[in-house]
Amino acid sequence: MKKIWLGVWLAAVLCAALLAGCGFGKEEEAKTNLEFTVVDEERLPEELKKIVEEKKEEAFKLTYADGGYLYLCIGYGKQESGGYSIAVNELYATENAIYLDTNLIGPKEADAQGTNPSYPYLVVKTPFMDKTVVFD
């Protein structure tokens, strides 16, 4: 009976050691922070402005390339009031992709008193890179 328990215990220790070792040797993919400009509606390329206008009722994520720049667009759809803002938490590139992490910030109570709906969206412009874009 002791030999069986010893065998089970050794097998459990071996499995734990193998599972713990799975993370060894892996390197996190190198990140390069990207410089960007937040683009207001008046400065958007006309075609992109039309696309955003068509999509703003619902949440959307899209990319648009023009003139050596890549425009990353994220919209949060119709909100019941104004006063919303969008924060860019991170914009970075790895070897294979560009990552944009944003956050919708709700209005302060004083700002939310209006009854008109709003359609918060954000467009950031960065130099063109031919990579997949991941919106976080």
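Cut-offs used in this document
- Residues numbered from 1 in each chain as written.
- Predicted model: local features only at pLDDT ≥ 70, side-chain atom pairs only at ≥ 80, totals over all residues.
- Heavy atoms only, no water.
- Pairing = 2+ DSSP bridges.
- Helix = DSSP H or I, 4+ residues; strand = E, 2+ residues; numbered from the N terminus.
- Buried < 20%, exposed > 50% of the residue type's maximum accessible area, 1.4 Å probe, protein only.
- Contact = heavy atoms within 4.5 Å.
- Phe/Tyr/Trp six-rings, centres within 6.5 Å; stacked < 30°, edge-to-face > 60°.
- Lys NZ or Arg CZ within 6 Å of the ring centre and 35° of its normal.
- Core = buried A, V, L, I, M, F, W, Y, C linked by side-chain atoms within 4.5 Å.

Considering the sheet that holds strand β8 (residues 132-135)
Read across the open sheet, the 4 strands follow the order β1-β5-β6-β8; overall the sheet is mixed. Taken across any chain shown, the strands that pair with only one partner, and hence form the sheet edges, are β1 (32-33) and β8.

Digging into the side chain of Thr94
For Thr94, the position within the fold is in the loop between β5 (85-93) and β6 (97-105). Judged by its relative accessible area of 6%, Thr94 is buried. Apart from the residues lying within four places of it in its own chain, the contact partners of Thr94 are Glu29, Ala30, Lys31, Tyr99 and Lys131.

Quick notes on the packing of aromatic side chains
Scanning the entire structure with this criterion turns up 2 aromatic pairs. Over the ring of Tyr92 we find Lys31; its NZ or CZ atom is 4.6 Å from the centre of that ring. Here the basic side chain of Lys125 rests over the ring of Tyr69, its NZ or CZ set 4.3 Å away from the ring centre.

A look at the nonpolar core
In terms of nonpolar packing, the biggest core is built from 13 residues, with Leu72, Leu91, Ile98, Leu100, Val124, Val133 and Phe135 touching the most fellow members. Elements that contribute at least two residues to this core include exactly β4 (69-76), β5, β6, β7 (121-127) and β8. Those residues in contact with Val124 that lie beyond four places of it in its chain are Phe36, Thr37, Val38, Leu70, Tyr71, Leu72, Val88, Leu91 and Leu100. Membership of the second largest hydrophobic core comes to 10 residues, among which are Leu44, Phe60, Cys73 and Val123.

These figures capture arrangement, not role.
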